Amino acid sequence: ISRNFTMEPRCLPPNTALAKFHDFISRARQICAEDNVTIVAKTTELVDGDYINPNKTHDMHYLYEQDTFVASAVICPNNVPEVQDIVRLANEFSIALWPYSASRNTGYGGAAPRVSGSVALNLGKNMNKILEVNTEGAFALVEPGVTFMDLHDYLEKHNLREELWLDVPDLGGGSIIGNAVERGVGYTPYGDHWMMHCGLEVILPNGELLRTGMGALPDPTVAKEGVAAHDQPGNRCWQLFNYGFGPYNDGIFSQSNLGIVVKMGIWLMPNPGGYQPYMITFPRDDDLEAVVDTIRPLRLQMVLQNVPTLRHILLDAAVAGNKASYSDKNGPLNDTELDEIARGLDLGRWNFYGAVYGPEPIRNVLLETIKSAFLTIPGSKFFLPEDRDEPYSVLHTRAKTLQGIPTLDELRWVSWLPHGSHLFFSPITKISGKDANLQYEVTKRRCAEAGLDFIGTFTIGMREMHHIVCIVFNREDLVSRQKARWLIRTLIKDCAAYGWGEYRTHIALMDQIANTYSFNDNAQMKFNEVIKNAVDPNGILAPGKNGIWPQQYDKKAWVINENEEQPKSKSNF
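Residues numbered from 1 in each chain as written. Predicted model: local features only at pLDDT ≥ 70, side-chain atom pairs only at ≥ 80, totals over all residues. Heavy atoms only, no water.

Quick look at the overall build of the chain
- Helix and strand counts for the chain stand at 14 helices and 19 strands.
- In terms of overall size, the chain behaves like a compact globule, its C-alpha atoms giving a radius of gyration of 24 Å where 573 residues would be expected to give roughly 25 Å.
- Taking the principal axes of the C-alpha coordinates as reference, the chain spans close to 70 × 65 × 45 Å.
- For the chain, buried positions account for 59% of its 573 residues.
- The contacts in the chain between residues at least 6 apart in sequence include a share of 75% that link residues at least 24 apart.
- In the structure as shown, the chain presents an accessible area of about 22,700 Å², 51% of it carried by carbon and sulfur atoms.
- Side-chain charges in the chain split into 54 positive and 68 negative, and the spacing between the mean points of these groups amounts to 3 Å. (Helix = DSSP H or I, 4+ residues; strand = E, 2+ residues; numbered from the N terminus. Rg over C-alpha atoms; globule rule 2.2 N^0.38 Å. Buried < 20%, exposed > 50% of the residue type's maximum accessible area, 1.4 Å probe, protein only. Contact = heavy atoms within 4.5 Å. Areas by Shrake-Rupley, 256 points an atom, 1.4 Å probe, with all protein chains shown as cover. Lys, Arg positive; Asp, Glu negative; His and termini not counted. Charge placed at Lys NZ, Arg CZ, Asp CG, Glu CD.)

Here is the structure:
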């Protein structure tokens, strides 16, 4: 990245001459200061970085070439008015913006824009304040740069963990806002992060500021005369009641390109007064159906209080070591090899992680109910954290995650292969043993055809399951990248044929998945496009995000070919 503002970027914004681009950059410097505006120059090497130090320009886990999706410049606003001014400037110059929070949306594109040449809007660098933590209402109000680790550290520093717990995803370095608006999940009873958000402050594509829900109602008892709108205290119920009055607007700012979220309320979990994590292992691959059918009534009845996970043996094995530590085989491991790995790690082919919450009498009743249900499956075993002493124990990691303590331990499975990168395939299914087994068989078979190991987990929601297939590939190997692309594009088609849709995806796959949601001649997409063109008539905000293209773009020309050919040659890893 360069601050030499006469340099040519790797890729200009669409329909933008170099002189016009430099004029835009010069104006942006006047708004945000020189240190907060950088050009992604042609002469500068792209550095992928890692999860701890992610790049701000492209996808660190690139699926095509390293610069297939790359920003032309990165702007780091200091505050809400600067974001508003940059949005207005983008409208004046008709230049596309791609906002992000922490650029750690790994497996889904990271910092990369869907339209190369877009100007990245890095909200996380400077807008990283915890604006409020309210113990009485059990909520926090945060800016985009606040990570799960940041908020956890705040609770610890201020001795608030005795009162409030945070819910965290697998990796704690992500933005709370970024994760919630992408509808990410955690694993406590507050695991659905979008469900647990309450109240947004949003900058619309014309630069106007909006507060949703009760935030739309000014509160004269706390209003400050002469204070700008973004600094006005919110309504006292802004973070307490989601809906306010009239249409519920929050949803259109989730996985969308209709606004930039600059503040968000998030509900925190009151300390439950006790907690016990556990693991149950199941020895056979074909135990899946029985396990899932056992899960369903317990989850619906809230005996399973949290968001539990049912993990395939290779997901846990990959945390413990890379593939080379188990086998010198290039192709997918077979059942005999998987059984051997499971025995060596004292794990099952499927491993279930959960927790119970509340005072000890409540925990004891719940645990006995859970054990009596699951341990009827032959060969199943029950473990508490103190029963395990192996290095990199997933149960020990989960013992932290399930009480809202962020970790980075799950990063280890990405190194299953050399130069490990990953891509998530995330279809939704009902909590049904038959459906789970069919979905597993479809995805496992396609992984084998691609020459890649199946690594995955079922994450159990209230009435559905997120089936997260972790496609691990070698990003420095062309054939390995091709395998990953063929695999996920084929799985999208396969699952759509069964009525299974993905809830979230990589930027390269957004159009294909959006097209599977095609009920009544794509009525939902047509509606989304009407809203997009009404609120963003110049099409400057995240064009192509989740398959929603503004009217200025020829959609057919921008959609990436989904007919990926299956690679025939061998990878060199």
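Looking at the sheet that holds strand S3 (residues 97-100)
- One open sheet holds the four strands; their spatial order is S1-S2-S4-S3, and the pairing between them is mixed. The outermost strands of the open sheet, each flanked by one partner alone, are strand S1 (37-39) and S3. Ignoring which end each strand starts from, the neighbouring axes of this sheet average 20° apart.
- Pairing geometry for S3 and strand S4 (residues 119-122), over four bridges, is parallel. Residue Trp98 lies in a different strand from S4, and its bridge partner there is Ala120.
- Against the sheet, helix H2 (residues 80-93) contacts strand S2 (73-75), S3 and S4, and its axis sits at roughly 155° relative to S3. (Pairing = 2+ DSSP bridges. Axes fitted to C-alpha atoms, helices over the stretch in contact; angles between N-to-C directions.)

A short note on the nonpolar core
- Of all hydrophobic cores here, the largest spans 65 residues; its most connected members are Tyr278, Phe282, Leu310, Phe352, Phe374, Phe458 and Ile471.
- With seven residues, helix H11 (residues 478-497) is the largest single contributor of residues to this core.
- Core analysis: the second largest hydrophobic core is formed by 28 residues, Leu166, Ala180, Val202 and Met264 among them. (Core = buried A, V, L, I, M, F, W, Y, C linked by side-chain atoms within 4.5 Å.)

Remarks on the UniProt feature "domain: FAD-binding PCMH-type" (unreviewed entry) in the chain
- Within the UniProt annotation, "domain: FAD-binding PCMH-type" (unreviewed entry) is assigned to residues 67-271.
- In this annotation, residues 67-271 is assigned 15% helix and 20% strand; the end-to-end C-alpha distance for the span is 46 Å. (UniProt positions renumbered as here; feature names shortened; annotations may be inferred.)

Side note on the environment of Asp316
- Among the structural elements, Asp316 can be located in helix H6 (residues 313-320).
- On a C-alpha basis, the gap between Asp316 and Gln403 in space is 20 Å, while along the polypeptide they are 87 residues apart.
- Residues in contact with Asp316, not counting those within four places in the same chain, are Arg311, Leu347, Asn351, Tyr353 and Val394.

Some words on the packing of helix H5 (residues 288-300) against helix H10 (residues 433-450)
- Across the interface, H5 lies against H10 with an axial gap of 7 Å and an inter-helix angle of 140°. By the criterion of interaxial angle, the relationship of H5 to H10 is oblique. The handedness of the crossing between H5 and H10 comes out as right-handed. Of the residues in H10, those in contact with Leu288, Glu289, Val292 and Asp293 of H5 are Gly433, Lys434, Ala436, Asn437 and Tyr440. (Parallel < 35°, antiparallel > 145°, perpendicular 65-115°, else oblique. Left-handed = near helix turned anticlockwise from the far one by under 90°.)

Things to note about the pairing of strand S18 (residues 456-460)
- Among the five residues in S18, five count as buried, and that is most of the element.
- The sheet contact formed by strand S13 (residues 309-312) and S18 spans three bridges and is antiparallel. Counted as the bridge partner of Thr309 is Thr459 from S18.
- Bridge count between S18 and strand S19 (residues 464-474): five bridges; the pairing is antiparallel. Bridging across to S19, Phe458 finds its partner in His467.

Here's the deal with the pattern of salt bridges
- Tallying each qualifying case throughout the model produces 35 salt bridges.
- The residue Lys371 makes a salt bridge to Glu368 at a minimum N-O spacing of 3.8 Å. Here Lys371 and its partner Glu368 are both found in helix H8 (residues 360-374), three residues apart, which amounts to about one turn of the helix.
- We classify Lys371 as partly exposed; its relative accessible area is 25%.
- Each of Asp285, Asp335, Asp339, Arg349, Glu441 and Lys444 takes part in salt bridges that share partners, so that together they form one network. (Salt bridge = Lys/Arg side-chain N within 4 Å of Asp/Glu carboxyl O.)

Comments concerning the packing of aromatic side chains
- Applying the stated criterion to the full structure yields 21 aromatic pairs.
- Considering the side-chain rings of Trp165 and Tyr357, the 6.5 Å spacing of their centres and the 65° angle between planes classify their relative orientation as edge-to-face. Residue Trp165 is located in strand S7 (residues 164-165), and its partner Tyr357 is located in strand S14 (residues 350-357); the two are separated by 192 residues in the primary sequence. Each member of the pair, Trp165 together with Tyr357, is buried.
- Put simply, the rings of Tyr278, Phe282, Phe352, Phe374 and Phe382 pair up and form one aromatic cluster.
- Above the ring of Phe383, the side-chain terminus of Arg388 is found at 4.7 Å from the ring centroid.
- We note Arg485 situated over the ring of Tyr64; from NZ or CZ to the ring centre the distance is 4.2 Å. (Phe/Tyr/Trp six-rings, centres within 6.5 Å; stacked < 30°, edge-to-face > 60°. Lys NZ or Arg CZ within 6 Å of the ring centre and 35° of its normal.)

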